[in-house]
Amino acid sequence: MIELEGLTKRFGTKTAVDHLSFQVRPGQVTGFLGPNGAGKSTTMRMVLGLDHPTSGTARIDGKHYGELDEPLTYIGALLEAGGLHGGRSAYNNLLCLAQSNRIPERRVAEVLDLVGLSAVARKKPKGFSMGMGQRLGIAAALLGDPQILMFDEPVNGLDPEGIHWIRNLMKALAAEGRTIFVSSHLMSEMALTADHLIVIGRGKLLADTSMADFIHQNSRSYVRVRSPQPEQLRDALHSSGMTVAEEGNGTLEIDGATTEEVGELAGRHGIVLHELSAQRASLEEAFMRMTAAAVEYHAHDANAPQWAPKGV
Amino acid sequence: MTTAPYQQGPQPQYQQYTSPIPARRAHLGDALASEWTKIRSVRSTMWTLGVMIVLMVGIGLLAAVAVSASDADMQGESVLVLGFYGVLLGSICVVTLGVLTIASEHGTGMIRTTLTACPSRGRVLLAKSIVFFLLTFTVTTVTAALVAVLQAGLVGSGTTTGEEWLRATVGVGLFIAVLGLLALAVGALIRHSAGAITVMIGLMLLPLVAAMFMFSESLVDVRQVLLDYSIPSLLVAFYSDAGITDTGPEGWTSLGILTGVTAVALAGAFYALDRRDV
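Predicted, not measured: the structure shown is a model, and the values here were computed from it. (Residues numbered from 1 in each chain as written. Chains lettered and ligands numbered in written order. Predicted model: local features only at pLDDT ≥ 70, side-chain atom pairs only at ≥ 80, totals over all residues. Heavy atoms only, no water.)

**Section: the sheet that holds strand β1 (residues 2-11) of chain A**
Residues and elements named next belong to chain A.
Right, so step 1: Ordered in space as β2-β1-β4, the three strands form an open sheet in which the pairing is antiparallel. Every interior strand has two partners, whereas the edge strands, β2 (14-24) and β4 (55-60), have only one. Across the sheet, the mean angle from the axis of one strand to that of its neighbour is 20°, orientation sign disregarded.
Right, so step 2: Note that β1 and β4 share five bridges and pair antiparallel. Residue E3 lies in a different strand from β4, and its bridge partner there is R59.
Right, so step 3: Together, β1, β2 and β4 form the strand contacts of helix α1 (residues 40-47), whose direction differs from that of β1 by roughly 120°. (Pairing = 2+ DSSP bridges. Helix = DSSP H or I, 4+ residues; strand = E, 2+ residues; numbered from the N terminus. Axes fitted to C-alpha atoms, helices over the stretch in contact; angles between N-to-C directions. Contact = heavy atoms within 4.5 Å.)

**Quick look at the sheet that holds strand β10 (residues 221-226) of chain A**
Residue and element names in this part refer to chain A.
Right, so step 1: In space, the four strands of this open sheet follow the order β11-β12-β10-β13, with antiparallel pairing throughout. Of all the strands in the sheet, the pair left with one neighbour each is β11 (244-248) and β13 (275-280). Taken pair by pair, the neighbouring strands of this sheet meet at an average axis angle of 25°, ignoring direction.
Right, so step 2: Across six bridges, β10 lies against β13 in antiparallel orientation. Opposite R224, over in β13, you have S277 as the bridge partner.

**Description of the nonpolar core**
Right, so step 1: Grouped together as the largest cluster of nonpolar side chains are 58 residues, with contacts concentrated most on F175(B), L179(B), M200(B) and Y239(B).
Right, so step 2: Elements that contribute at least two residues to this core include exactly α2 (43-70), α3 (84-108), α5 (121-155), α6 (162-190), α7 (193-212), α9 (231-236) and α10 (252-275) of chain B.
Right, so step 3: Residues in contact with F175(B), not counting those within four places in the same chain, are I231(B), L234(B), L235(B), F238(B), S254(B), L255(B) and L258(B).
Right, so step 4: Core analysis: the next-biggest nonpolar cluster, separate from the first, contains 56 residues, V111(A), L143(A), W165(A) and L206(A) among them. (Core = buried A, V, L, I, M, F, W, Y, C linked by side-chain atoms within 4.5 Å. Buried < 20%, exposed > 50% of the residue type's maximum accessible area, 1.4 Å probe, protein only.)

**Overview of the pairing of strand β3 (residues 29-33) of chain A**
Residues and elements named next belong to chain A.
Right, so step 1: Judged by how many residues are buried, β3 sits mostly within the fold: five of five residues are covered.
Right, so step 2: Every second residue of β3 is oriented toward a common face, with V29, G31 and L33 on one face and T30 and F32 on the other, all of them buried.
Right, so step 3: One ladder, built from five bridges, connects β3 with strand β7 (residues 179-184); its direction is parallel. Residue pairing for β7: F32 is matched across the bridge by S183.

**Let's talk about the interface of chain A and chain B**
Right, so step 1: Facing the 63 residues of chain A at the interface are 42 residues of chain B.
Right, so step 2: Carbon and sulfur atoms make up 52% of the surface buried where chain A meets chain B, a total of about 4800 Å² over both sides.
Right, so step 3: For the pair chain A and chain B, the number of links is two salt bridges.
Right, so step 4: R102(A) is paired through a salt bridge with D30(B); the nearest N and O atoms lie 3.0 Å apart.
Right, so step 5: Remark: the boundary between chain A and chain B carries 21 residue pairs in polar contact (both at pLDDT 80 or more).
Right, so step 6: Contributing elements (two or more residues each) for the side of chain A that touches chain B: β1, α2 (90-100), β9 (204-210), α7 (211-218) and α10 (283-291) of chain A.
Right, so step 7: Ranked by residue count, the leading element in the side of chain A that touches chain B is α2(A), at seven residues.
Right, so step 8: Here the side of chain A that touches chain B is composed, by residue class, of 24 nonpolar, 22 polar and 17 charged. (Buried area = accessible area lost by both parts, 1.4 Å probe. Salt bridge = Lys/Arg side-chain N within 4 Å of Asp/Glu carboxyl O. Polar contact = N/O pair within 3.5 Å; in protein donor to acceptor, adjacent residues only side chain to side chain. Nonpolar A, V, L, I, M, F, W, Y, C, P; charged D, E, K, R; others polar.)

**Some thoughts on the UniProt feature "transmembrane region" (unreviewed entry) in chain B**
All names here are of chain B.
Right, so step 1: The UniProt feature table records "transmembrane region" (unreviewed entry) at residues 46-67, 79-103, 124-150, 170-190, 197-216 and 252-273.
Right, so step 2: Annotated as 80% helix and 0% strand, the span residues 79-103 places its first and last C-alpha atoms 38 Å apart.
Right, so step 3: For residues 197-216, helix accounts for 80% and strand for 0%, while the C-alpha atoms at its two ends are 31 Å apart. (UniProt positions renumbered as here; feature names shortened; annotations may be inferred.)

**Here's the deal with helix α8 (residues 230-239) of chain A**
Residue and element names in this part refer to chain A.
Right, so step 1: For α8, the full list of buried residues reads P230, L233, A236 and L237. The buried residues of α8 all sit within an arc of 130° when viewed along its axis, so they share a single face.
Right, so step 2: Residues of α8 that are buried make contact with β10, β11, β12 (251-255) and α9 (259-268). (Arc of directions from axis to C-beta.)

**Some details on the packing of aromatic side chains**
Right, so step 1: A complete count under the given rule lists nine aromatic pairs over all chains for this structure.
Right, so step 2: Between the aromatic rings of F22(A) and F32(A), the centroid separation amounts to 5.7 Å while the plane-to-plane angle is 50°, which identifies the pairing as tilted. Pair noted here: F22(A) is in strand β2 and F32(A) is in strand β3, with a separation of ten residues, a long-range link. Assigned by exposure class, F22(A) and F32(A) land together as buried.
Right, so step 3: Counting every residue linked through ring pairs, the aromatic cluster contains F22(A), F32(A) and F181(A).
Right, so step 4: Sitting over the face of the ring of Y17(B), R178(A) holds its NZ or CZ atom 3.7 Å from the ring centroid. (Phe/Tyr/Trp six-rings, centres within 6.5 Å; stacked < 30°, edge-to-face > 60°. Lys NZ or Arg CZ within 6 Å of the ring centre and 35° of its normal.)

**Let's talk about the packing of helix α4 (residues 130-142) of chain A against helix α5 (residues 160-175) of chain A**
For any two helices packed against each other, the geometry comes down to the angle between their axes and how far apart the axes lie.
Residue and element names in this part refer to chain A.
Right, so step 1: Running from N to C, α4 and α5 cross one another at 15°; their axes reach a closest spacing of 12 Å. When the axes of α4 and α5 are compared, the pair comes out roughly parallel. Of the two elements, α4 crosses α5, and the hand of that crossing is left-handed. Residues Q134, R135, I138 and L142 of α4 pack against E161, W165, I166, L169 and L173 of α5.
Right, so step 2: Among the residues forming the contact of α4 with α5, the class breakdown is six nonpolar, one polar and two charged. (Parallel < 35°, antiparallel > 145°, perpendicular 65-115°, else oblique. Left-handed = near helix turned anticlockwise from the far one by under 90°.)

**A closer look at the side chain of D152(A)**
All names here are of chain A.
Right, so step 1: Mapped onto the elements, D152 comes out in strand β6 (residues 148-152).
Right, so step 2: One buried charge, D152, has no salt-bridge partner; the nearest side chain with opposite charge is R45, at 6.0 Å.
Right, so step 3: At a separation of 2.7 Å, a polar atom in the side chain of D152 contacts the side chain of S41.
Right, so step 4: Here D152 is in contact with S41, M44, L78, L79, E80 and S183, once residues within four sequence places are set aside. (Lys, Arg positive; Asp, Glu negative; His and termini not counted.)

This is the structure we're talking about:
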């Protein structure tokens with residue numbers, strides 16, 4: 001379990017992390033979501049004792065990171081920027097880590113096998129592809145067989161096969177009762193992996209909720225209907241008290257209605273329908289709405305869409 | 001949006017994962033094993049120390065051959081002084097390795113992994129220093145001894161005393177290894193390989209070069225201090241009682257001075273490493 005209490009980090013006048021308090025619990029994948037520059041990596045570095053908090057604390061099973069004797073056996077971390085020496089063989093990179101924590105040398109071969117890098121154990125990581133580098137970083141995190149795993153943007157730059165692999169690995173690790181804390185700026189990715197969600201923006205906590213609750217609360221559902229008689233249909237919908245938005249080409253969108261209601265209403269008025277379907281707004285859209293005020297750098301394009309296309 | 005974050009009630013309890021691997025308490029010895037693996041598993045170690053050995057042996061032999069062929073008069077100096085030139089050039093390799101031992105970790109981001117594995121930053125710095133010191137001390141002393149024996153064989157050792165032999169081998173080994181530690185401390189402070197190597201080479205050569213151009217009468221005292229205490233002057237004291245100048249420190253005093261400076265630099269490096277975010 002990771003516990004944050006009023007964790008704050010200031011760089012000069014800029015507050016990167018602003019009084020963050022939350023817990024990351026075992027047995028589930030907790031997604032840590034926020035736009036670029038929201039303070040996710042800084043928060044993770046403070047949990048690992050790499051950055052010193054300006055105020056507040058981060059504890060692992062009740063202890064500060066520095067109080068852990070063999071930290072790799074408590075918590076394994078994959079940090080964003082590599083974190084291994086490109087000129088030292090994959091095996092030796094892991095061996096020196098294992099030695100510093102008294103982890104038996106046989107674990108090095110075990111984790112390399114687990115991530116599928118046994119064949120390149122004696123090769124140098126500087127010749128590795130992005131996916132192989134990411135796998136090696138995960139092998140390092142798993143070295144001490146820890147209860148807690150922290151991954152900073154693990155799917156960045158990976159191909160679909162690699163993304164699929166990491167997703168399943170995280171789920172399997174959580175199912176063993178481990179605490180999995182994974183950061184991302186992609187809501188769509190988290191929707192597929194995380195059981196719990198922590199959203200931050202500009203260093204502040206925006207949401208701490210289960211994934212199911214987040215989906216329930218944030219996905220707008222509406223009915224899309226297309227008819228050659230749009231005026232009649234709109235009047236009929238209005239008179240029954242529904243909110244209608246016109247989308248052109250005879251297409252209407254009705255918020256908070258069911259397809260049954262709309263279909264029956266059209267039937268009663270004898271209106272022909274060419275399309276009748278239930279739609280859900282994407283979680284990406286909900287995430288962007290939530291963090292809109294907290295986005296660090298906006299693109300200056302007046303015609304840019306407010307958020308990503310629907311369809312997640 | 002500025003709405004307050006919504007938080008959820010208590011969660012169901014899960015069975016926490018426990019690893020079958022036995023946890024054993026790690027100490028400095030484990031950090032030493034780790035740093036030994038690191039230093040022996042990168043090419044830069046082999047290259048820097050290899051080049052140093054080639055320089056020391058090559059230049060030492062050339063000097064000895066030149067002296068013995070020309071029947072030059074050693075002017076009362078021990079034959080061992082011929083080893084000085086190779087060591088002076090070789091020291092640049094040791095300085096490079098000292099800087100790389102720590103600065104390359106900052107360059108690659110490995111330092112974050114290292115400190116995640118060992119949150120005691122003092123232990124990391126101490127383990128690095130010990131491993132680096134023992135390795136360079138051993139390599140330098142053995143090479144210096146080999147060169148000295150070869151030179152004595154070629155030129156003839158004359159009246160060289162045991163004390164002089166000790167200074168030219170173990171003494172030089174200690175001096176060079178401490179100089180390397182100073183480079184390691186500078187590397188930890190500057191955290192950038194090229195920058196730290198430049199600073200160290202400047203530190204070694206600039207005082208002597210600057211002193212050469214201080215012709216002004218008012219600078220004569222400054223000039224004398226620079227000539228007496230520049231790093232090459234301290235090193236030459238191990239070979240010759242006369243030294244570059246007559247007033248400079250002699251023999252083991254040089255080692256004491258350099259050790260003092262290095263201790264201060266290492267303390268600064270520890271303070272910086274402990275306080276900084278990485």
